[in-house]
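These are the residues of each chain, in order.
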Amino acid sequence: MDELYAKLRESFLSFDFDNVKNLVKTILNTGASPNEVIEKALRPAVEEAGKRFEKGEFFLAELVVAGDLFKEVMDEILIPEIQKRGGSTKTLGTIVIGTVRGDLHDIGKSIVATMLRAAGFNVIDLGVDVPPEKFVEEAAKNSADIIAMSALLTTTMLEMRNVIEALKKSGIREKVKVVVGGAAVTEDYAKSIGADGYGEDAVKAVKVCKELLGIRD
Ligand code: B1M
C-alpha cells in the first residue's frame with residue numbers, strides 16, 4: 001500500500017494525469033477511503049509542489065497545473081466516491097463556505113465543502129475571493145447556522161476578522177457560528193479574532209461544525 005501511495009505522489013509531481021487517475025482508482029479498489037487517498041498522497045504531493053516552488057525548482061505554472069490536477073481527481077473520482085459512500089440524506093444544518101477576499105486558493109476549501117456535504121450538511125459554496133459583505137448577505141439570506149472561511153495566505157487570513165466585524169455590524173453575529181481554517185490559520189489566531197471554531201484539516205472541520213451545533217456522531 002505504501003508503495004502505491006509513493007507511486008501516486010511521484011506521478012502527481014510529474015503531472016502524469018492519466019497515471020494519477022489510474023492509481024487513485026486502484027487504491028480505492030483496495031478498500032482505502034477517499035480521505036486516505038487525499039491525506040496520504042494528494043495533499044502531501046501538492047505540499048511538496050509548494051516546497052519546490054519555494055526553492056525555485058517549480059514555477060507558478062507548475063503550481064497551477066498541480067491545482068488543476070487535484071481538482072480533476074476530486075471532481076471526476078473522489079467527490080462521486082465520497083457521495084456514493086457517505087450517501088447521507090439528512091440535513092444537519094446550513095453552512096455558507098468560501099475562501100476569503102484576495103485569496104484564490106480553492107482546493108482545501110472545496111475538500112472541506114465536500115466532506116461537510118458528505119456528513120449531511122446543506123453547503124452553500126461561495127467560491128474564492130469572497131468579500132465580507134457576501135458572506136454576511138448569503139448567511140442572512142439562507143439562515144445559515146455556520147459561516148466557514150478558508151485562507152492560505154498570511155495576508156488574506158486578516159480578512160477573517162473583517163467578516164466577523166461585518167457580522168457584528170449587521171446584527172447577526174449571535175445567530176451564526178464562525179469556523180475558520182486553511183494552511184495560514186492557527187488555533188490561536190482563530191481564538192484571537194473571536195471565531196467559534198478552528199479546523200486543522202477537513203475531517204476536523206466536520207467534527208467542529210457538528211460539535212458547535214450539538215450534533216453527536
Ligand atoms: Co499558492 N501559496 N500562491 N497557489 N499555494 C501557498 C499557500 C504558499 C504557502 C506556497 C509557498 O510559497 N510555499 C504561499 C503562501 C505564503 C504565505 O502567505 N505564508 C503561496 C503564495 C505565495 C501564492 C501566490 C502569492 C504566488 C504568487 O503569485 N507569487 C499566489 C496567490 C494567489 C492568491 O490567492 N491571490 C498563489 C497562487 C497559487 C495557485 C493559483 C498557483 C495554486 C492554487 C490553485 C487552486 O487552489 N486552484 C497555489 C497552490 C496550489 C499552493 C500550495 C502549493 C498548495 C495549496 C493547496 O491546495 N494545498 C501552497 C503551499 C502549501 O500549502 N504547502 C501555496 C492542499 C490543500 C488540500 O490543503 O488548502 O491547506 P489546504 O487545505 C487543508 C487544510 O488547510 C484544511 O483542510 C484542507 C484539507 O485537509 N482547510 C480548512 C482548508 N480550509 C479550511 C477551512 C476550514 C477548516 C479547514 O474551516 C472553514
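The preceding data block contains the structure.
Enquirer: Summarise the overall build of the chain; cite the residues concerned and give the values.
Expert: When you go through the chain residue by residue, the secondary structure sums to nine helices and five strands. The linear arrangement of helices and strands in the chain, starting from the amino end, is α-α-α-α-β-α-β-α-β-α-β-α-β-α. The C-alpha atoms of the chain give a radius of gyration of 18 Å, which matches the 17 Å a tight globule of 217 residues would have. Taken along the three principal axes of its C-alpha coordinates, the chain extends 50 × 40 × 25 Å. Within the chain, the proportion of its 217 residues that are buried is 46%. Taking contacts inside the chain between residues at least 6 apart in sequence as the whole, the part at least 24 apart equals 72%.

Enquirer: Give a detailed account of helix H9 (residues 202-212), specifying residues and quantitative values.
Expert: By the burial criterion, the buried members of H9 are Ala202, Ala205, Val206, Val208, Cys209 and Lys210. Of the surrounding elements, those touching the buried residues of H9 are strand S1 (94-99), helix H5 (107-119), strand S3 (146-150), strand S4 (177-181) and strand S5 (197-199). Between the side-chain oxygen of the N-cap and the backbone nitrogen of Val203 there are 3.2 Å, and the N-cap of H9 in question is Asp201. In the segment just after H9, Gly214 is the residue with positive phi, at about 70 degrees.

The rules we used
- Residues numbered from 1 in each chain as written.
- Predicted model: local features only at pLDDT ≥ 70, side-chain atom pairs only at ≥ 80, totals over all residues.
- Heavy atoms only, no water.
- Helix = DSSP H or I, 4+ residues; strand = E, 2+ residues; numbered from the N terminus.
- Rg over C-alpha atoms; globule rule 2.2 N^0.38 Å.
- Buried < 20%, exposed > 50% of the residue type's maximum accessible area, 1.4 Å probe, protein only.
- Contact = heavy atoms within 4.5 Å.
- Polar contact = N/O pair within 3.5 Å; in protein donor to acceptor, adjacent residues only side chain to side chain.

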